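# Structural characterization, general
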Amino acid sequence: MFYGLYYLTGWQLCGPESLLQRLTPYAWPIVVGSLLVYFVYYAWMPDLDLEQINLYQPWQPTWQYACLCLLTASLSTSLTLGSLLVGKQCLNIERPCLRFVADSSYWTCLIHLPIVIFLQSLLIPAPISVWLKLLIVMFSTCLFCIATYLVFVRYTPLGWLLNGKSAFP
């Protein structure tokens, strides 16, 4: 169900009658509504208890769990759609920096998840603030993705295939 919503949304975005064009007037209501629903989602999330995680307990589906799964799928889709719509409204101008971010986005999408998981697993036992851990993971992942994009993709045949030929600086 989670990936099904992404598939359906992407299919509609690329269709002959653009979903982005039809939804552009509703960009900010989609973002604000999604953020409001996110607060409900966050309030329903169970507390993370590492001791319970270490003690294996069989999975028991509940009504709350089903609602959380539905909210996860719909929130990720609506927040992504809202980001696309707001980005289209606010960033629809040609800038070299934005062009670089757009060119590297596919590569980043492909490789970021294993990096995030690896860094999170390294930082779990660290006695630092969760917010500092978040910043470390985000900054390190972005840096790694951009560096590997520059070295392995941008000025190689793979980069030419994805984004056209770029002149080496």
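In case you missed it, the structure is sitting above this.
Counting restarts for each chain, with residues numbered from 1 along the sequence as it is written. Selection of residues for local features in this predicted model requires a pLDDT of at least 70, selection of side-chain atom pairs for listing and counting requires 80 or more, and totals for whole chains, interfaces and linings are taken over all residues. Remark: hydrogens and water are excluded; side-chain values derive from all non-hydrogen atoms of the structure.

Time to look at the overall build of the chain. Runs of E in the DSSP output that reach at least two residues are strands. Runs of H or I that reach at least four are helices, and both are numbered from the N terminus. Helices and strands together make up the secondary structure of the chain, namely 8 helices and 0 strands. Residue exposure (1.4 Å probe, protein chains only): buried if accessible area is under 20% of the type maximum, exposed if over 50%, otherwise partly exposed. A buried classification covers 24% of the 169 residues belonging to the chain. Here, residues are in contact when the closest pair of their heavy atoms is within 4.5 Å. By sequence separation, contacts in the chain at least 24 residues apart represent 69% of the contacts at least 6 residues apart. Under the convention used here, a 1.4 Å probe and the Shrake-Rupley method define accessible areas, while residue burial counts only the protein chains that appear. For the chain, the computed accessible surface area is about 12900 Å², with 73% contributed by carbon and sulfur atoms.

On to the pattern of salt bridges. The rule for a salt bridge is simple: a side-chain nitrogen of Lys or Arg has to be within 4 Å of a carboxyl oxygen of Asp or Glu. A complete count under the given rule lists 2 salt bridges for this structure. Across the salt bridge formed by Arg99 and Asp103, the nearest N and O atoms sit 3.1 Å from each other. Of this pair, Arg99 and Asp103 both sit in helix α6 (residues 96-123), 4 residues apart, which is roughly one turn of the helix. Take Asp103: its relative accessible area is 10%, and that puts it in the buried class. Between Arg154 and Asp103 there is a salt bridge; the shortest N-O distance is 3.2 Å. With a gap of 51 residues between them, Arg154 in helix α7 (residues 130-154) and Asp103 in helix α6 connect regions that are remote in the sequence. Residues Arg154 and Asp103 agree in their burial class; the two are buried. Salt bridges linked by common partners bring Arg99, Asp103 and Arg154 together as one network.

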